[in-house]
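Descriptive structure summary
Okay, here's what each chain looks like letter by letter:
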Amino acid sequence: MKIAILGCSQLVTLAGPARPRTGAELRDLAIIADGAMLIEGDRILRAGSPSEIEPLLDADSTVIDAGGRVVLPGFVDAHTHPVFAGNRAGEFEQRVAGTSYAEIAAAGGGIRSTVRQTRAASEDDLLAAVQRYVRWFLASGTTTIEAKSGYGLSVEDECKLLRAIARIQPLRCVATFLGAHEVPDEYRGRKHDYMRVVTEQMLPRVAAEKLAEYCDVFCEPGVFSVEESRAILTVARSLGFGLRMHADQLSNSGAAALAAELGAATADHLEHTDARGIAALRAAGVQPVLLPGSVYALGSTRYPAARAMIEAGLAVVLATDFNPGSSPTPSMPMILSLACTQMKMTPAEALAAATFNAACSLGRQREIGSLETGKLADFVIHDCEDYREIPYFFGIQAAREVYISGQPVLGRW
Ligand code: NIG
Ligand code: FE
């Protein structure tokens, strides 16, 4: 059965070459004014004008009237940590009072406190917790997330998180193994022993059970150094994982250069990356994943140098970094707002970074991230007439109807 979407004030297709967009390409959203789209099964048959689409309808086709609103590809949130137990609202209060994220972590809080709570939870408990966040993602207009483990930090607990990720519905998920997120309590002072658990036990098991496509490391002095991250990621690469990195978040440690050296898919955060780091990413074709939500929520003003990255020709991605510590938001519209107001990205650049370029960073550019013939019908009707209203209004829920694989998963109100 066919479904037609009619009455789109703007059908923002992002049609174009199936490779990461850079420079001026980021500002070309391939918008069809007064657009329409035809879907059959889970795929897009065609996007065009109403006069092109209407003649293709059959008697039993369903028509969805967008009512003069904007239709976008679902956001692709390429960096999240959604599976955890409890939350850290207490630490948030401490940070507001002046204690830093690093001080809280050094005192045994931070990631390790979430690890203690997450280890005590069953896979079903974690799935129930994450399904609540899944509703939040959908309500924000997100249809795909990259989801990291990293709050288990033992072989069994990391696998438990990854199995919970595999059961998430109906959001599309791409799983990333983040066993090197922190050194757990029982390995304090024995980091190299923990790294051997990661490389000799966790990575082979996660690969054998096909529980994750990517491997990530928190590369930061005091957590995993550049040398330690290189050792872990090299093993991951040899086992067939794609690579992502938490790089240069709290200091300029050379993590971006390591991402370039290893040919990582992405280097994420980059708040402290300098011109040399940017040049290295450019030369190696690594996509920067910028996470302004974590800068905002940590009360910092040091946003990554998005303009310099765009001017250098990097295929910028935006993501939420949804996690219970540094970035407790699932809202891509909020991230777009921060990208525009704090990093001076244009609304068009921000939208391309949050959809098509994000899909590229996950190797999904032929399936999602744009509204083009043959792609999966993951799209959202937003409660506005012009896409620029999405970063402009902030703190609202603009997604009105959300479709994944052509099926309604949220809305029609
Ligand atoms: O991306 N930096 C490391 N990981 C997360 C924070 C995780 C946490 O605080 O629980 C981040 O900011
Ligand atoms: Fe993160």
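One structure accompanies this document, and this report is about it. What you see is a predicted model, and the numbers here were worked out from it, not measured in a lab.

A contiguous nonpolar surface patch, about 340 Å² in accessible area, is contributed by Tyr-392, Phe-393 and Ile-396. As for its placement among the helices and strands, Tyr-392 is situated in helix α16 (residues 389–392). On the basis of relative accessible area, Tyr-392 is assigned to the exposed category, the value being 58%.

The next point concerns the site of ligand 1. Looking at ligand 1, there are 15 residues lining it, with Arg-88, Tyr-101, Tyr-151, Gln-249 and Ser-326 nearest. A distance of 2.5 Å separates an oxygen atom of ligand 1 from a polar atom in the side chain of Tyr-101. Within the side chain of His-246, one N or O atom sits 3.0 Å away from an oxygen atom of ligand 1. Considering ligand 1 on its own, with 330 Å² of exposed area, one finds that the protein chains cover 100% of that surface. In a pocket analysis with a 2 Å cut-off to the grid points, ligand 1 is assigned to the largest cavity. When grouped by side-chain class, the residues that make up the shell around ligand 1 number four nonpolar, nine polar and two charged.

Before going further, it helps to spend a moment on the nonpolar core. Judged by nonpolar contacts, the single largest core of 106 residues is most densely connected at Phe-177, Tyr-194, Phe-224, Leu-318 and Met-345. Tallying contributions element by element places helix α13 (residues 332–343) first for this core, with eight residues. Formed jointly, this core draws a minimum of three residues from each of two domains, domain 1 (2–73 + 370–410) and domain 2 (75–361). Apart from the residues lying within four places of it in its own chain, the contact partners of Leu-318 are Val-76, Leu-290, Pro-292, Met-332, Ile-335, Leu-336, Ala-339, Met-343, Met-345, Ala-350, Ala-353 and Ala-354.

Parameters at a glance
- Residues numbered from 1 in each chain as written.
- Chains lettered and ligands numbered in written order.
- Predicted model: local features only at pLDDT ≥ 70, side-chain atom pairs only at ≥ 80, totals over all residues.
- Heavy atoms only, no water.
- Patch = residues over 30% accessible without salt bridge, like charges linked within 9 Å, V, L, I, M, F, W, Y side chains within 5 Å.
- Areas by Shrake-Rupley, 256 points an atom, 1.4 Å probe, with all protein chains shown as cover.
- Salt bridge = Lys/Arg side-chain N within 4 Å of Asp/Glu carboxyl O.
- Helix = DSSP H or I, 4+ residues; strand = E, 2+ residues; numbered from the N terminus.
- Buried < 20%, exposed > 50% of the residue type's maximum accessible area, 1.4 Å probe, protein only.
- Near = heavy atom within 4 Å.
- Polar contact = N/O pair within 3.5 Å; in protein donor to acceptor, adjacent residues only side chain to side chain.
- 1 Å grid on protein atoms, 1.4 Å probe; cavity = no way out; pocket = protein on both sides within 12 Å on 5 of 7 lines; lining within 4 Å.
- Sits in = over half its atoms within 2 Å of the grid points.
- Nonpolar A, V, L, I, M, F, W, Y, C, P; charged D, E, K, R; others polar.
- Core = buried A, V, L, I, M, F, W, Y, C linked by side-chain atoms within 4.5 Å.
- Domains from an automatic or database assignment.
- Contact = heavy atoms within 4.5 Å.

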